[in-house]
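Here's the letter readout for the chains.
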Amino acid sequence: MNDKFIMYGLKLLPKKRLSRFIGSMARKSFSRHFIRLYMRLFSIDLSDVKKPIHEFEHLLDFFIRELKPGSRPIASDQDAIVSPVDGVISQFGTIRNGELIQAKGINYTLEELLDGNRAYIDQFNGGQFITIYLSPKDYHRIHAPVSGQVKQISYFPGALYPVNEAGVRLIPGLFAKNERLVTFIERESGPVALIKVGATNVGSIRLSFDDEIITNPAREKQKLDKLYHPPISFAKGDEVGWFEFGSTIILLFRPNQMKWMDAIEEGKSVRMGECIAQSDISNS
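Residues numbered from 1 in each chain as written. Predicted model: local features only at pLDDT ≥ 70, side-chain atom pairs only at ≥ 80, totals over all residues. Heavy atoms only, no water.

The protein appears in an unreviewed UniProt entry as Phosphatidylserine decarboxylase proenzyme from Polycladospora coralii. Taken directly from UniProt, the Function (unreviewed entry) text for the protein runs: "Catalyzes the formation of phosphatidylethanolamine (PtdEtn) from phosphatidylserine (PtdSer)." According to its UniProt record, the protein has this under Subunit (unreviewed entry): "Heterodimer of a large membrane-associated beta subunit and a small pyruvoyl-containing alpha subunit." (UniProt positions renumbered as here; feature names shortened; annotations may be inferred.)

Our focus in this paragraph is the sheet that holds strand β13 (residues 239-243). Across the sheet, which stays open at both edges, the 4 strands sit in the order β6-β13-β10-β11 with antiparallel pairing between neighbours. In the strand order of this sheet, the two ends are held by β6 (141-143) and β11 (210-214), each with one partner. The sheet shows a mean angle of 25° between the axes of neighbouring strands, direction not considered. Strand direction decides the pairing type here: β6 and β13, joined by 3 bridges, are antiparallel. Looking at the pairing, Ile142 lines up with Gly241 of β13. (Pairing = 2+ DSSP bridges. Helix = DSSP H or I, 4+ residues; strand = E, 2+ residues; numbered from the N terminus. Axes fitted to C-alpha atoms, helices over the stretch in contact; angles between N-to-C directions.)

Backbone hydrogen bonds are what pair the strands of a sheet, in a parallel or an antiparallel way. Here we have 8 strands laid out as an open sheet, ordered β12-β7-β8-β9-β14-β5-β2-β16, and antiparallel in their pairing. Of all the strands in the sheet, just β12 (224-234) and β16 (269-270) have a single pairing partner and so form its edges. One ladder, built from 7 bridges, connects strand β7 (residues 148-156) with β12; its direction is antiparallel. Residue pairing across strands places Ser154 opposite Asp225, the latter belonging to β12.

Written as C-alpha cells, this is what we have:
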C-alpha cells in the first residue's frame, strides 16, 4: 500500500476516541466470549498464566493477565538491569547529541521525548536507551528494571499513533508525539527513566502504585508532574503498571552507568526479568 495513503489515513483516524471505545468494549462482560479467538489469532500460551481462562471477566481482564509466580525469574545478580516487559527490541544504543534512533534514518530528540524537562534531559544526554515493542500476544504488565525509589512521574499528553512497524517507519518523532507516562526511578548511580508510550487501541496506561493516574482521558488533561513524599520504593522486578492493550517501552540511562549484554541486538525477543545490561559500578 502507498505510504502516503497510509500516512493520510493515520492522521485522519480518530485515534483517541477509537482507543477509548475499544477499551470500553473490552471491559464489557460479553467480550469474554472473544478470549479464545484472541488466543488463537495471536498463538498465546496459557501455561504460565495465573488463573484459568474461565475466570477472566472480560477481554481486558485477560489482556492484562497476571502470570504464575516464578514464571519470569528475575536476574539475581545485584548489578543486573532487567527487561521490564516481554517484547522485541526495536532499537538500542547511545543518545548522541540529544537524539535517539526511532528507525533507520529516523531520529527524534530527548528534548521532545521529555517535553523540555531540562533537569532530566541534561542527565540522560550522552547516555543509553533501549526501545522494546509489545505485540498483542505479549504479557502486558510492566516491572521495575532496577531497584530504586520513585520520587516523580510525568504525564505528557499527545497523539495515539500506532507503534507497529508501519507507524515507526512513517511517523517521524512518533514516540515523542504520542502520549507518554514516565516513571523516574532514582538510585545511587542516578535516575533511570521508564517511559510508557501510548498507542492506537491502548485504552489507557495504569500505574500499580497510583490509581489516580489514567492516560487517554475522556477530557483532555494538561501535562502533569507528580511528586511522591515519601518516595515509593521498588525492588527490581516489582510491578510498576500495565498497558490496557499493546504499546512500547523506552528506558533511558545516564552516561557511563551501564553496559549492554553481548546478546542484546535489534529484533531480539526479551522476557521480563531477563538481564539486558549490567550496571557499571566502576563509574557510579
